[in-house]
Amino acid sequence: MKAQRAAVPLGRRSAQSAAIAGQLFALPVFQAARTVFCYCSAGDEIDTYPILRTALACGKRLCLPRTLEQGRMQALQVDTLDRLERTARGILEPAPDSPLVPPGQIDLSILPCLAADRQGVRLGYGGGYYDRFLPDCSGVRLALCADARLFARLPSQAHDVLCDIIVTESQVIYIHEE
């Protein structure tokens, strides 16, 4: 999946990111969310910076992950993207002195994924950070996924936390609706 994603030309990747962001912004769950948890995209991931800027511009409380030891992370509030710090893995994260946001206060979690399926399974990067963090979150779990990496079924394990919504450039899939 990483190789497939990396093979997408930059122009196509930019168009995918813009279409996915447009789909997201139109969702009632995004519009109603007061506290949004999202990630800072890196490399050839779907570009989340327009999402981050829009959330801030709309007056939403935006929180981003800060990784901790032993595969854990926490949500820290940011009021600007200017104070992000690059980690050893090259990912931008909030400064450690940023305000902590309890997971139970998050209305919408926007998640990275290499691939997803129509049952809500999200293929991440194997670290388990989100699977450890998300059970304490009470809000909606939404994955951003390119159409080309959306499958009928992916393998999953008992500890995998399922998504409620998958957003691609051409569709929005509500997992719990018949």
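Caption draft 1: How the structure looks around the sheet that holds strand S12 (residues 165-167). Pairing is mixed across the open sheet formed by 8 strands, whose spatial order is S6-S3-S2-S1-S7-S10-S12-S13. Strands at the two margins of the open sheet, each flanked by one partner only, are strand S6 (100-101) and strand S13 (172-174). Summarising the sheet, strand S2 (residues 61-67) and strand S3 (residues 73-78) pair through 6 bridges and their orientation is antiparallel. Of the residues in S3, the one forming a bridge with Cys63 is Gln77. Here helix H4 (residues 49-57) sits on the sheet in contact with S2, S3, strand S7 (108-111) and strand S10 (140-144), set at roughly 135° to S2.

Caption draft 2: Spatial organisation of the packing of aromatic side chains. Considering all chains together, one arrives at 3 aromatic pairs under this definition. Taking 6.3 Å as the distance between ring centres and 55° as the angle between the ring planes, the aromatic pair formed by Phe37 and Tyr130 counts as tilted. On the criterion of sequence distance, the pair formed by Phe37 in strand S1 (residues 35-37) and Tyr130 in helix H5 (residues 129-133) is long-range, its members being 93 residues apart. When sorted by exposure, Phe37 lands in the same class as Tyr130, which is buried. Here a set of aromatic residues connected by ring pairs shows up, and it is made of Phe37, Tyr130 and Phe133. A cation over a ring is seen here: Lys60 above Phe30, with NZ or CZ 5.0 Å from the ring centre.

Caption draft 3: Seen up close, the pattern of salt bridges. Evaluation of the coordinates by the stated rule reveals 4 salt bridges. In this structure, Glu93 engages Arg66 in a salt bridge whose closest nitrogen and oxygen atoms are separated by 3.9 Å. Here Glu93 is found in strand S5 (residues 92-93), whereas its partner Arg66 is found in strand S2, with 27 residues between them in sequence. In this structure Glu93 comes out as buried when scored by relative accessible area, which is 3%.

Caption draft 4: Summary view of the state of the cysteines. Tallying each qualifying case throughout the model produces 0 disulfides. Looking at Cys58, it has no disulfide partner, and the nearest cysteine sulfur is the one in Cys38, 13 Å off. Among the cysteines around Cys113, which has no disulfide bond, Cys145 carries the closest sulfur, lying 4.0 Å off.

The rules behind these values
Residues numbered from 1 in each chain as written. Predicted model: local features only at pLDDT ≥ 70, side-chain atom pairs only at ≥ 80, totals over all residues. Heavy atoms only, no water. Pairing = 2+ DSSP bridges. Helix = DSSP H or I, 4+ residues; strand = E, 2+ residues; numbered from the N terminus. Contact = heavy atoms within 4.5 Å. Axes fitted to C-alpha atoms, helices over the stretch in contact; angles between N-to-C directions. Phe/Tyr/Trp six-rings, centres within 6.5 Å; stacked < 30°, edge-to-face > 60°. Buried < 20%, exposed > 50% of the residue type's maximum accessible area, 1.4 Å probe, protein only. Lys NZ or Arg CZ within 6 Å of the ring centre and 35° of its normal. Salt bridge = Lys/Arg side-chain N within 4 Å of Asp/Glu carboxyl O. Disulfide = S-S within 2.5 Å.

Nothing here speaks to function; it is geometry throughout.
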